[in-house]
Amino acid sequence: MYIVIAGGGEVGSELARTLEKAHEVVVIDRNPNTKGRLSALDVRVLVGSATDPDVLREAKVDLADLFIASTDSDEVNLLASLLAKGLGAKEALCFVGKGGYVEVLSDPRTAEILGTRIDRVLWPQRAMAREIVEVILVPGAVDTETLAEGRLRFVEYRVEEGGPYAHRILAEMDWPEGVLVVGVVREGTFLSRAHPDFPTLVLEPGDKILFVTTQLGFTGLQACFAPKVRVRRVMVIGGGNVGYMVARELLERRLQVVVIEPSPERCEWLASELPGALVVQGDGTDLELLEAEGMAEADAVVAVTDNDEKNLLASLLAKQMGVRKVITRVSRSENRRLFEQVGIDLPLTPRQAAVREVLDWLGPENVEHLAVMDESIELLEVDLPEHFPPTPLARLQGPEAVVVALERGHRVVLAREDLEAAPGDKLFLVAAKEASDEVVARFLQA
């Protein structure tokens, strides 16, 4: 496919990096330094504005199978998408940060007025807020995803020094019924349960264990990692779009919420929209303020300002005060590993959700990219085609990917070696991110 991407920032760069191997990609960005940053990729970079029709023509947008608007400006993205469609792009995807745009552009009347339509409007901040809330509500977990309409849950726990699982052989441990060990993430590398070294793998502090569980199994697993822990109070640093959405959902679950936001105008708006929250005007890195507002009593702290340095400092202060769970927004992907190394439980970036949504749009209809965990593991859902030969699950395992469950009809079953995958089954896979495309192709071509 011929793909034109407007914006070479965090999201646009990651999209280019993900798509350039299988597609012809052109990136448009106003910053001349973008050429140097993307020089290692097989992409063409044009310096200019994506809202300039001449620049779009130079990018040959009329030949584009897909136009993706991913700049930092909602208004630029919207205008660029409409121009691209008007100039002949077959499909246009538009990223926005404000929910109001999603509602307006999803209204059929808007397309009638404009005479064209943007094929899909994507809101990655919304996906990030939901992920944050899910993780907050699972004490002890550093990441979690629900699948199969809530009948399955992926959950990840960190091995702590001095904890009950450090320095033990993982394969020899007993877990509650309805729990399956998927693998371990060690220093960013995924070791699946099918890896040759897995039977003798000794857990080390800092390792993260990935499980898939049924609803019943999840309750038992929680008792192993976070017995008698309840979440009651959450502090949110930053009252922007993500902070607001997180606070609103937590209030709906009857949690106590404190929001720290520096802008007086934004605080006034937050106080009116979040009547159950305590909204405090101030700097989220002010130690005296954080102590006065009870950060030490918080069960979780969420740092989601638009500044990585402020988020890191606020998160470190929370850890110093003994907060059990700290979740931090990371705008620049190169900072994510640093945040983990200094003890942040879950550094998140909006680009993860952005890339996943684009891959789902481009990929086969029977493949869904459900989530990326630790930036090294991808959760996939594959509907097996009618020509797929019945195959034992044991033969579908490999060091780079593992089948963790299958759905047949209305029944979901955790993977077992004696189970056989059949045409029409829905398989849930966990794969190393760099191998996920190859894994999917293998299933679809079988």
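Residues numbered from 1 in each chain as written. Predicted model: local features only at pLDDT ≥ 70, side-chain atom pairs only at ≥ 80, totals over all residues. Heavy atoms only, no water.

A. Representation of the overall build of the protein chain in the model. Counting its secondary structure elements, the protein chain contains 16 helices and 24 strands. Here the protein chain has a C-alpha radius of gyration of 23 Å; the compact-globule value for 446 residues is 22 Å, and the two agree. Seen along its three principal axes, the alpha-carbon backbone of the protein chain occupies a region of about 65 × 65 × 40 Å. The buried share of the protein chain, reckoned over its 446 residues, is 55%. By sequence separation, contacts in the protein chain at least 24 residues apart represent 62% of the contacts at least 6 residues apart. Looking at charge distribution, the protein chain has the averaged site of its 48 positive side-chain charges lying 2 Å from that of its 72 negative ones. (Helix = DSSP H or I, 4+ residues; strand = E, 2+ residues; numbered from the N terminus. Rg over C-alpha atoms; globule rule 2.2 N^0.38 Å. Buried < 20%, exposed > 50% of the residue type's maximum accessible area, 1.4 Å probe, protein only. Contact = heavy atoms within 4.5 Å. Lys, Arg positive; Asp, Glu negative; His and termini not counted. Charge placed at Lys NZ, Arg CZ, Asp CG, Glu CD.)

B. Expanded view of the layout of surface pockets. Each pocket or cavity is described by its volume, and for the largest pocket that value is around 1,100 Å³. Asp72, Gln125, Asp306, Arg329 and Ser331 are, among the 44 residues lining the largest pocket, the residues nearest its centre. For the lining of the largest pocket, the secondary-structure elements that each account for two or more residues are helix 1 (10-19), helix 4 (74-87), helix 7 (124-136), helix 9 (241-252), strand 13 (256-261) and helix 14 (350-362). Sort the elements by how many residues they give to the lining of the largest pocket and helix 1 lands first, with five residues. (1 Å grid on protein atoms, 1.4 Å probe; cavity = no way out; pocket = protein on both sides within 12 Å on 5 of 7 lines; lining within 4 Å. Points joined across faces, edges and corners; volume = space filled by probe spheres on them.)

C. Quick look at the UniProt feature "domain: RCK C-terminal" (unreviewed entry) in the protein chain. UniProt's feature table lists "domain: RCK C-terminal" (unreviewed entry) at residues 142-227 and 365-446, given in the numbering used throughout. For the annotated span residues 142-227, helix accounts for 13% and strand for 37% of the residues, and the straight-line distance between the end C-alpha atoms is 16 Å. (UniProt positions renumbered as here; feature names shortened; annotations may be inferred.)

D. Region of the structure containing empty space enclosed by the protein. Enumeration according to the criterion identifies four cavities of 30 Å³ or more in this entry. The volume enclosed by the largest cavity comes to roughly 80 Å³. If you go around the largest cavity, you meet 10 residues; those closest to its centre are Glu14, Gln352, Val355, Val372 and Lys433. When residues in the lining of the largest cavity are grouped by element, the largest group, five residues, is from helix 14. If you add up the space inside the second largest cavity, you get close to 50 Å³. If you list the elements that add at least two residues to the lining of the second largest cavity, you get helix 7 and helix 14. Of the residues belonging to the lining of the second largest cavity, the class tally is six nonpolar, two polar and two charged. (Nonpolar A, V, L, I, M, F, W, Y, C, P; charged D, E, K, R; others polar.)

E. Seen up close, the nonpolar core. Core analysis: the largest hydrophobic core is formed by 41 residues, its most contacted members being Leu152, Phe154, Val182, Leu393, Val404, Leu427 and Val430. Of all the elements, strand 21 (residues 401-408) adds the most residues to this core, at six residues. (Core = buried A, V, L, I, M, F, W, Y, C linked by side-chain atoms within 4.5 Å.)

F. Quick look at the pattern of salt bridges. All chains considered together, the criterion is met by 16 salt bridges. A salt bridge links Glu14 to Arg17, with the nearest nitrogen and oxygen atoms 2.8 Å apart. With a gap of three residues between them, Glu14 and Arg17 both fall in helix 1, about one helical turn apart. Residues Lys85 and Asp119 are paired through a salt bridge, measuring 2.9 Å at the closest nitrogen-oxygen approach. Here the residue Lys85 occupies a position in helix 4, and Asp119 occupies one in the loop between helix 6 (108-114) and strand 6 (120-122), the gap between them amounting to 34 residues. Here Lys85 matches Asp119 in class, with each residue buried. (Salt bridge = Lys/Arg side-chain N within 4 Å of Asp/Glu carboxyl O.)

G. Representation of the environment of Arg120 in the model. Here Arg120 lies in strand 6. A relative accessible area of 33% places Arg120 in the partly exposed class. Taking the C-alpha atoms as reference, Arg120 lies 30 Å from Asn335; in sequence the two are 215 residues apart. Ignoring anything within four residues of it in the chain, the contact list for Arg120 reads Ala92, Leu93, Cys94, Glu357 and Trp361.

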